[in-house]
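Report on the structure
One letter stands for each residue in the lines below.
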Amino acid sequence: MRIDIVTIFPEFFSVLDVSLLGKARSGGLLDLHVHDLRSWTTDRHRTVDDTPYGGGAGMVMKPESWALALESLFRPDGSSTLVVPTPAGTRFTQSIARSLASTSEHLVFACGRYEGIDARVFEWASSHATVVELSLGDYVLNGGEVAAMAMIEAVGRLVPGVVGNPESLVEESHEDGLLEYPSYTKPASWRGFDVPDVLLSGHHARVGAWRHEQQVERTRRVRPDLLPPA
């Protein structure tokens, strides 16, 4: 999978060189490229923003530098997917991450700043690529970089070969609509807290049933909105 990121803060993405994504990048599983939007500006001040039409606080990112950047990155056959992190977007979920990982060979992340990117950019881009606007949650960040990094990690780890043991991806939170069960390791007794006896029993069916019960209970307690109506 190829991932291109357009931002005015390219140094933010140095974290892509560490941990599993860094290994996947060096191993050729993920082809990641970070681009400075200011490279596509045409004035000597490298201006990327201007005041909003209609008034209001803040600045809006100008359309032309974005169009030039995206034109140079989109694939000619229209197979690219433009991902726009924005609090006004659809809630980003594990199912969306899996869909992007399995169906998209080329992702382009547009990291907006200030009051966002001129809306005409996305109208124009929809004729050249698939455009998806995604939100991490119901809050506002200073820019799209943090959200893009979270989305890239969520999608990238689902690319075959990035995570060493693919079975670990199956038992995670949200993969089956429930939160993940609690995990334990050695020692069996620690500071007066003991590992549940069922996990020491070696009885796989009982362990499986206990884990599912824990998933349902944790989901009911923490994220009841994920459960179907009673």
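**Section: the overall build of the protein chain**
Assigned secondary structure in the protein chain consists of 8 helices and 9 strands. Taking the principal axes of the C-alpha coordinates as reference, the protein chain spans close to 70 × 40 × 35 Å. Each of the 230 residues in the protein chain was classed as buried or not, and the buried ones make up 38%. Considering only residue pairs separated by 6 or more positions, the protein chain has 75% of its internal contacts joining residues 24 or more positions apart.

**Details of the pattern of salt bridges**
This model, assessed by the stated rule, comprises 9 salt bridges. Linking Arg25 and Asp17 is a salt bridge whose minimum nitrogen-to-oxygen distance equals 2.9 Å. We note a salt bridge from Asp225 to Arg223, for which the minimum N-O separation is 2.8 Å. Among the residues examined, Asp225 registers a relative accessible area of 54% and is labelled exposed. Look at the salt bridges and you will find they share partners, linking Arg2, Asp4 and Asp31 into a network.

**Let's talk about the sheet that holds strand E6 (residues 106–110)**
Reading across the sheet, the 5 strands line up as E2-E1-E6-E5-E7 and stay open at both edges, with parallel pairing between neighbours. With partners counted over all chains shown, the strands left at the sheet margins are strand E2 (31–36) and strand E7 (130–135), one partner each. For this sheet the average axis-to-axis angle between neighbouring strands, irrespective of direction, equals 30°. With 3 bridges joining them, strand E5 (residues 81–91) and E6 adopt parallel strand pairing. Note that in E6 the partner of Leu82 across the bridge is Val108. Across the face of the sheet, helix H3 (residues 94–103) comes into contact with E5, E6 and E7 while running at roughly 170° to E5.

**Comments concerning helix H8 (residues 204–222)**
For H8, with 19 residues, the first-to-last C-alpha span of 26 Å sits near the 27 Å given by 1.5 Å per residue. Turning to H8, the residues buried within the fold contact helix H7 (197–200).

**Notes on the environment of Arg25**
Mapped onto the secondary structure, Arg25 falls in helix H1 (residues 19–26). Each C-alpha atom of the pair Arg25 and Arg2 lies 10.0 Å from the other, and the pair is 23 residues apart in sequence. Other than its neighbours up to four places away in sequence, Arg25 contacts Leu16, Asp17, Leu30, Leu32 and His33. There is a polar contact of 2.9 Å between the side chain of Arg25 and the side chain of Asp17. At a separation of 3.0 Å, a polar atom in the side chain of Arg25 contacts the main-chain carbonyl oxygen of Leu32.

Scoring rules and cut-offs
- Each residue is numbered by its place in its chain's sequence as written, counting from 1.
- Restriction of local features to residues with pLDDT of at least 70 applies here, the model being predicted, together with a cutoff of 80 or more for giving and counting side-chain atom pairs; totals for whole chains, interfaces and linings are based on all residues.
- The basis for the side-chain values is all heavy atoms of the structure; hydrogens and waters are excluded.
- Numbering of helices and strands runs from the N terminus; a helix is a DSSP stretch of H or I covering at least four residues, while a strand is a stretch of E covering at least two.
- With a 1.4 Å probe rolled over the protein chains alone, any residue whose accessible area is under 20% of its type maximum counts as buried; one over 50% counts as exposed, and the rest are partly exposed.
- Working rule for contacts: check all heavy atoms of both residues, and any pair within 4.5 Å makes them a contact.
- Salt bridges are counted wherever a side-chain nitrogen of Lys or Arg sits within 4 Å of a carboxyl oxygen of Asp or Glu.
- Pairs of strands are assigned from DSSP output, requiring at least two bridges between the strands.
- Axes here refer to lines fitted to C-alpha atoms; in helices the fit is confined to the stretch in contact. Angles between the N-to-C directions go from 0 to 180 degrees.
- Multiplying 1.5 Å by the residue count of a helix minus one yields the expected span of that helix.
- Polar contacts, as counted here, are pairs of nitrogen or oxygen atoms within 3.5 Å of one another; within protein the pair requires one atom able to donate a hydrogen and one able to accept it, and residues that are adjacent in sequence qualify only if both atoms are side-chain atoms.

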